[in-house]
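Coordinates in review
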4 protein chains.
Amino acid sequence: MIVLCRPDLTDAQRERILSGVRGLGVTPHVRTEGARTVVEAPASADAACCEIERLAGVDRVFTGDAGAHLATWDGAGGAERTRVRVGTAEFGGRDTVLVAGPCAVEGRDVLLEIAHAVRAAGAHVLRGGAFKPRTSPYSFRGLGPEGLDMLDEARAATGLPFVTEVMDTRDVELVERHADMLQIGSRNMHNFALLSEVGRTRKPVLLKRGMSATIDEWLASAEYVLAGGNTQVVLCERGIRTFEPSSRNTLDLTAVPLVRERTHLPVVVDPSHASGRRSLVAPLARAACAAGADGVMVECHVRPDEARCDAKQAILPEELAEIAGSLRTLDAALRGPARPASAAMNGHAR
Amino acid sequence: MIVLCRPDLTDAQRERILSGVRGLGVTPHVRTEGARTVVEAPASADAACCEIERLAGVDRVFTGDAGAHLATWDGAGGAERTRVRVGTAEFGGRDTVLVAGPCAVEGRDVLLEIAHAVRAAGAHVLRGGAFKPRTSPYSFRGLGPEGLDMLDEARAATGLPFVTEVMDTRDVELVERHADMLQIGSRNMHNFALLSEVGRTRKPVLLKRGMSATIDEWLASAEYVLAGGNTQVVLCERGIRTFEPSSRNTLDLTAVPLVRERTHLPVVVDPSHASGRRSLVAPLARAACAAGADGVMVECHVRPDEARCDAKQAILPEELAEIAGSLRTLDAALRGPARPASAAMNGHAR
Amino acid sequence: MIVLCRPDLTDAQRERILSGVRGLGVTPHVRTEGARTVVEAPASADAACCEIERLAGVDRVFTGDAGAHLATWDGAGGAERTRVRVGTAEFGGRDTVLVAGPCAVEGRDVLLEIAHAVRAAGAHVLRGGAFKPRTSPYSFRGLGPEGLDMLDEARAATGLPFVTEVMDTRDVELVERHADMLQIGSRNMHNFALLSEVGRTRKPVLLKRGMSATIDEWLASAEYVLAGGNTQVVLCERGIRTFEPSSRNTLDLTAVPLVRERTHLPVVVDPSHASGRRSLVAPLARAACAAGADGVMVECHVRPDEARCDAKQAILPEELAEIAGSLRTLDAALRGPARPASAAMNGHAR
Amino acid sequence: MIVLCRPDLTDAQRERILSGVRGLGVTPHVRTEGARTVVEAPASADAACCEIERLAGVDRVFTGDAGAHLATWDGAGGAERTRVRVGTAEFGGRDTVLVAGPCAVEGRDVLLEIAHAVRAAGAHVLRGGAFKPRTSPYSFRGLGPEGLDMLDEARAATGLPFVTEVMDTRDVELVERHADMLQIGSRNMHNFALLSEVGRTRKPVLLKRGMSATIDEWLASAEYVLAGGNTQVVLCERGIRTFEPSSRNTLDLTAVPLVRERTHLPVVVDPSHASGRRSLVAPLARAACAAGADGVMVECHVRPDEARCDAKQAILPEELAEIAGSLRTLDAALRGPARPASAAMNGHAR
């Protein structure tokens, strides 16, 4: 049992809580997390938790591992869904945001070429990895800081904000200086040191679901970022690992309406990594939008066969344009007329 | 290696094939399957298979278990997708077919009430189980033959054709006499005796994917039905088993475009069994349609809380009407204008 | 909620139970299962179930699908583990039973050759399929009734009892006449019609776990057999389906101690189907025994490369002899000295 | 395709390799990794890779992501399995090494108490977390540097070397100064920055398998450490994530013989995290040993109910003593007589 106390806890309340825990026959451990007192005690029954939760000065009592009160609805302090702005795009608004670009930044010229192409095709945000997580130490792991400079240049040239992955706590400051949005990749969803570090920044965060993470664990990882004071978190479903070999991963679109029920955070879908196959990207992008996703992120390359990673899943700019068109059609068909920019800020959940 | 010979195999060709297999250093076993000769030999290399496939009289050579030449495209003898008619509904045409009804047939009056309600809401086919597979022997397992009579009466009253599950080879003849479409449930996807028996009927078959079946295995099960001479098979994705506990199963919508690429058979999606939660049915039905599904099958009940099974996932008729509306909107937005009935029969794949 | 009433239920008790259920605000459905009355009512809370369970005439109340009171300990009516005799072998006694033989019965001579070899190597029971479940309709599906005659002959020649699979309700009577033990394969663990039919026989049953069945579901399937009055059920763990491609399935040895905690039924392990690779069979057979399995079932062939199915996992008789030796060594090291036959019948759980 | 060149690559060889790659119709990218040249080119066929592999100056050609030539047998340059010494314990020798201790270091006194108890029970290495990965940011995350000091003290008092987890690249130097063995936890198996950093140290590394990592990916992660020059890697199987809810994870013991076939690295098993239940730890520890594991790691606490994490799976010292006894019995029964220390160093694979 974890008892998260209110920031304004009084000494008397604290004593009452501790004696309450002792009354359950277990020994409380007390520590502080920022401004809050946290009381922990060994495993205990739900009924006991309810009892403690009723005491004055208690904010929340968690059993088990998964406390995510900032990420979930009833901690949101209102009925509004969070909206996250990246450049002129807004995740969580009426329109489906389209993020596109190469898997990795491979060179200046090809990046600029792709950036212009995805913008022309209708993308709102550019994606591209300067630091790449690769299963093998012998694979291309990205251009690093040089890649960040190229992304800056692509933004200057096209006006597109960019999202890029950060993989090491030591790189957070550097990436934060360049990027418009920081990506936490699937393989680092459980890298709690990195999540905490990113929670200290004030840049929007795109948090990919771990390849075998439950939705509860995913929200608990979002909580690490939120607990650091960074409220700009966008969740990204990118497929989970299952027994089925025909696609790279199994896209879990059920997660989209589930996450929208349980949290106030926007959620986007990455059909490229989920499927691993070019021909599946467009139908899954449409399905994501119809399921209620706030955005779609796809890999796009001007010459996919030359891509240094994930060549089989990158689509061409003309396919991207088609997807962009489908998303606009679906937004219009399912979400009603576009609201003018000012009205869009009223924040009614769709 | 399995060598499927052509129906018109000559004795000379047969001898040539057998000596070819012996030339690989293995002993061939010969048997006949209907009109065809089948030659089997212990595991062998792909290269060897190619060699045998070139011999006269050979139709196809399979390695491993998964030969599904009737179900997959290149065995289809043409570029047309199969269309399966059930009453006035057509799976594989332009419009998304909506199948709805109770999990189980629970009684005459409530079934009629539901049948009228789903018809009014826009469903094209009624679903309802007279024989129910239940994990526990102590759960309600359906009304059996009596349930089939009630379904007949519901069809007479509403004009809706119905699909119902058959679970035992001994019941196939009975269910065939009543139903417009025979359902093979998830738990019986690997019940090869049942698949063969259903392949001998001439009623359309709705083949649900096994809860941990790969797409290859699913198509191989369809092949059992097709190999019996029954060409009217509709596949149904209903969620696969994964580690995620928030939904009953994980709906694999990637299977929809994949199956459409690899086979000529229509594919429908069952978001009710996949999610197990009422609130998720509508967004997943929309997503299925946007992914290209030929139909959607949902559980609907006039008083879900009274349903004798799967109460948590049954939706109300008014929710069904909303889904029916969404599907029409999506068909119009993504699939172009509806074709007149005659044109629809021309059979162009969408 | 499912209320299983006692066989000696009185009318007054029945009325009291029904009014108790109605008092929860739901409508009870009443039916009979054999000699017992079963009352069902729509989903309800655990607290409510407890209340009903206290009423006179109630045997057990189940929530959800998984009632397995005959299979699990507290329904066993005593602290004894069930022992199942097949010929002179006893599943559930001190010694690990070794079951071995070919995947499929392929012919008279080779079967006799294998039967003599596995007997010499130390096996206690012969296995071999006359009816084979195969993913593809074009694969060899066994010799059928002729295969059963060959198994009879092998028993006559070697004295080994045999276990063989039954796949169709229509074949149960035939297979029962021949076999010493009936196998329900993985793919039929959810074939409830078949389970019920086998429950009507009085031959021991080897019930394989479904490839994605939870332990609860596996026990519920055992319950189908037990509920039919057949108490001689042996469970068989044979690997579950996961994301790992290096082995055919993932052997879940945790299931062995878990099943021993929760049920009184013996449990055996099949490392051949689990791993799909010859070299892994011996270490996993040893591990199974060390985990507490009551038996080990392996595929063995005199010329594995000629086997018509599963050639890659069949071991040679000399490897089988080594496994038999390891099992005896482990039984002696971990389970104490062998008891004389008479003492062994006292039935103390080890 | 990734072409790993030999360290002594000449310019002429390099040019020949590049022109060979260009001859395949693709553009090579060249970079250096330490002393080696690495040539990368977009996806290409196996046949082409073979061709390039034959060229002078080429060490190895990888397709796909998974190159692990240092970890796997044929890169080992000999038939010897690697042995890793930690204190007087040796992973990869004849005897099963027993690692035991609390999940987390919770305080000085309780740690000393546990350390003395596990030593008395027969453990060879102490485990205990100073930095703990926790799903929720509100859970106890370890005592940090202070915990490391306590572990030092426990070693001084008992003579037991210790293994402890490192989770952040910034902590590697600190943990390296204290620990006898560095643990990379499941959640960080894909944290490539951390793996590289640990590869730069010269302390033995215990690399846990990711909860949904394939064996190939696990070996590729080991390769990150080996490629940094740290050859002292011990693999640890700790259960994978599956659909089965009865145990915390599904222990994959098939991985033990598989890893022993494919690599020269020792492999240990953690039945505590795998099962999550006290009663399952002993049978699974025995099974691990019988399957060929080089060691077993278990959680042990003097008062499990007071443990601040994973209380349900910690065993008591007396249970640990029983396990230690079983392991000695099994080593003697299955692995022959213990060799004297000097002979043990001859390094014959068992």
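Given the structure is predicted, the values throughout are model-derived calculations rather than measurements.

**Thoughts on the overall build of chain A**
Helices and strands together make up the secondary structure of chain A, namely 12 helices and 14 strands. Scaling as 2.2 N^0.38, a compact globule of 350 residues should have a C-alpha radius of gyration of about 20 Å, and chain A matches this with 22 Å. Taken over the C-alpha atoms alone, chain A extends approximately 70 × 50 × 40 Å along its principal axes. Residue burial in chain A is summarised as follows: out of 350 residues, 57% are buried.

**Brief notes about the packing of helix α6 (residues 192-199) of chain B against helix α7 (residues 215-227) of chain B**
Residue and element names in this part refer to chain B. One can describe the packing of α6 onto α7 by two numbers: an axis separation of 6 Å at closest approach and a directional angle of 40°. In terms of orientation, α6 lies oblique with respect to α7. You can see that α6 and α7 cross each other, and the crossing is right-handed. For the pair α6 and α7, contact is made by Phe192, Leu195, Ser196, Val198 and Gly199 and by Ser221, Tyr224, Val225 and Ala227, respectively. Partitioned by chemical class, the residues of the contact of α6 with α7 number 6 nonpolar, 3 polar and no charged.

**Observations concerning the sheet that holds strand β13 (residues 267-269) of chain A**
Residues and elements named next belong to chain A. The strand order β7-β8-β9-β10-β11-β12-β13-β14 describes a closed barrel built from 8 strands, whose pairing is parallel. Pairs of neighbouring strands in the sheet enclose a mean axial angle of 25°, with direction left out of account. Helix α7 (residues 215-227) contacts β11 (205-208) and β12 (233-237) of the sheet and is inclined by roughly 155° relative to β12.

**As for the relation of the copies chain B and chain C**
If you rotate chain B by 180° and push it 0.0 Å along the axis, it lands on chain C with an RMSD of 0.0 Å. What we have between these two chains is a two-fold relation. Rotation axis and chain B: the residue whose C-alpha lies nearest the axis is Ser212 of chain B, separated from it by 3.1 Å. A symmetric contact is evident, with 100% of the interface residues of chain B recurring at the interface of chain C.

**Brief notes about the sheet that holds strand β9 (residues 162-165) of chain D**
All names here are of chain D. The 8 strands lie next to each other as β7-β8-β9-β10-β11-β12-β13-β14, forming a closed barrel whose pairing is parallel. Taking each pair of neighbouring strands and ignoring which way they run, the sheet shows an average axis angle of 25°. For strand β10 (residues 181-184) and strand β11 (residues 205-208), the ladder comprises 3 bridges, and the chain directions are parallel. Note on β11: the bridge partner recorded for Ile184 is Leu207.

**Brief notes about the pairing of strand β10 (residues 181-184) of chain C**
Every regular strand shows the same layout, with side chains that alternate between the two sheet faces. Residues and elements named next belong to chain C. What you see with β10 is no split at all: Met181 and Gln183 on one side and Leu182 and Ile184 on the other are buried throughout. Viewed along the sheet, the connection from strand β9 (residues 162-165) through helix α5 (residues 172-178) into β10 turns out right-handed. Following the backbone out of β10, through helix α6 (residues 192-199) and into the adjacent parallel strand β11 (residues 205-208), one traces a crossover that is right-handed.

**Considerations on the packing of helix α8 (residues 255-262) of chain C against helix α10 (residues 278-291) of chain D**
Across the interface, α8 of chain C lies against α10 of chain D with an axial gap of 9 Å and an inter-helix angle of 130°. If you check the angle between α8 of chain C and α10 of chain D, you find them oblique. Here the hand of the crossing between α8 of chain C and α10 of chain D comes out right-handed. Packed against α8 of chain C, whose contacting residues are Val256, Pro257, Leu258 and Glu261 of chain C, the element α10 of chain D presents Ser279, Leu280 and Pro283 of chain D at the interface. Of the residues belonging to the contact of α8 of chain C with α10 of chain D, the class tally is 5 nonpolar, 1 polar and 1 charged.

**Structural notes on the interface of chain B and chain C**
Listed as interface residues are 45 residues of chain B and, on the opposing side, 45 residues of chain C. If you list the elements that add at least two residues to the side of chain B that touches chain C, you get β1 (2-5), β2 (29-33), β3 (36-40), α6 and α7 of chain B. Per-element tally for the side of chain B that touches chain C: the top contributor is α7 of chain B, with 5 residues.

**Brief notes about the domain arrangement of chain A**
By the assigned domains, chain A splits into domain 1 (2-64) and domain 2 (84-344). A straight line from the C-alpha centre of domain 1 of chain A to that of domain 2 of chain A covers 39 Å.

**Focus: the pairing of strand β14 (residues 295-299) of chain D**
Residue and element names in this part refer to chain D. Among the 5 residues that make up β14, 5 are buried, leaving the element largely enclosed by the rest of the structure. Side-chain alternation along β14 places Gly295, Met297 and Glu299 on one buried face and Val296 and Val298 on a second face that is also buried. Examined bridge by bridge, strand β13 (residues 267-269) and β14 share 2 bridges and lie parallel to one another. Residue pairing for β14: Val269 is matched across the bridge by Val296.

**Comments concerning the environment of Ser247 of chain C**
Of note, Ser247 of chain C is situated in the loop between β12 (233-237) and α8. Judged by C-beta crowding, with 22 C-beta atoms within 10 Å, Ser247 of chain C ranks as buried. Considered as a pair, Ser247 of chain C and His273 of chain C are 26 residues apart in the sequence and their alpha carbons are 9.5 Å apart. For Ser247 of chain C, the contacting residues outside a window of four places in its chain are Ser275, Gly276, Arg277 and Leu280 of chain C together with Thr254 and Leu258 of chain D.

**Considering the environment of Val166 of chain C**
Residue and element names in this part refer to chain C. As for its position among the elements, Val166 is in the loop between β9 and α5. Classification of Val166 as buried rests on a count of 26 C-beta atoms within 10 Å. Excluding residues within four positions of it along the chain, Val166 makes contact with Phe131, Asp171, Val172, Val175, Leu182 and Val198.

**Some details on helix α11 (residues 317-335) of chain A**
For α11 of chain A, spanning 19 residues, the distance from its first C-alpha to its last is 26 Å, which sits close to the expected 27 Å at 1.5 Å a residue. Those residues of α11 of chain A not exposed but buried are Pro317, Leu320, Ile323, Ala324, Ser326, Leu327 and Leu330 of chain A. When α11 of chain A is viewed along its axis, its buried side chains cluster within an angular range of 165° and face the same direction. Turned more than 90 degrees from where α11 of chain A packs its buried face, Glu318 and Gly325 of chain A sit exposed. Contacts made by the buried residues of α11 of chain A are with β7 (97-101), α3 (108-121), α10 (278-291) and β14 (295-299) of chain A together with α10 (278-291) and α11 (317-335) of chain B. Just past α11 of chain A, the residue Gly336 of chain A takes up positive phi, approximately 80°.

**Observations regarding the confidence of the model for chain A**
Residues and elements named next belong to chain A. Taken residue by residue, chain A gives an average pLDDT of 89. The fraction at 70 or more is 91%. Long-range and interchain partners of residues 341-350, a stretch whose pLDDT sits below 50, account for 8 contacts in this model, where long-range means more than four residues apart. The ipTM value of the predicted complex is 0.86, and its pTM value is 0.88.

**Some points on the environment of Glu106 of chain C**
Residue and element names in this part refer to chain C. With respect to the element layout, Glu106 can be found in the loop between β7 (97-101) and α3 (108-121). With 23 C-beta atoms packed within 10 Å, Glu106 lands in the buried category. C-alpha of Glu106 to C-alpha of Ala307: the two residues are 201 residues apart in sequence and 7.9 Å apart in space.

Parameters and conventions
- Residues numbered from 1 in each chain as written.
- Chains lettered and ligands numbered in written order.
- Predicted model: local features only at pLDDT ≥ 70, side-chain atom pairs only at ≥ 80, totals over all residues.
- Helix = DSSP H or I, 4+ residues; strand = E, 2+ residues; numbered from the N terminus.
- Rg over C-alpha atoms; globule rule 2.2 N^0.38 Å.
- Buried ≥ 20, exposed ≤ 12 C-beta atoms within 10 Å, placed from the backbone.
- Axes fitted to C-alpha atoms, helices over the stretch in contact; angles between N-to-C directions.
- Parallel < 35°, antiparallel > 145°, perpendicular 65-115°, else oblique.
- Left-handed = near helix turned anticlockwise from the far one by under 90°.
- Contact = placed C-beta atoms within 7 Å.
- Nonpolar A, V, L, I, M, F, W, Y, C, P; charged D, E, K, R; others polar.
- Pairing = 2+ DSSP bridges.
- Least-squares fit on C-alpha atoms with pLDDT ≥ 70 in both.
- Right-handed = clockwise from strand over helix to strand, strands pointing away.
- Domains from an automatic or database assignment.
- Expected span 1.5 Å × (residues − 1).
- Arc of directions from axis to C-beta.
- pLDDT = per-residue confidence, 0-100.

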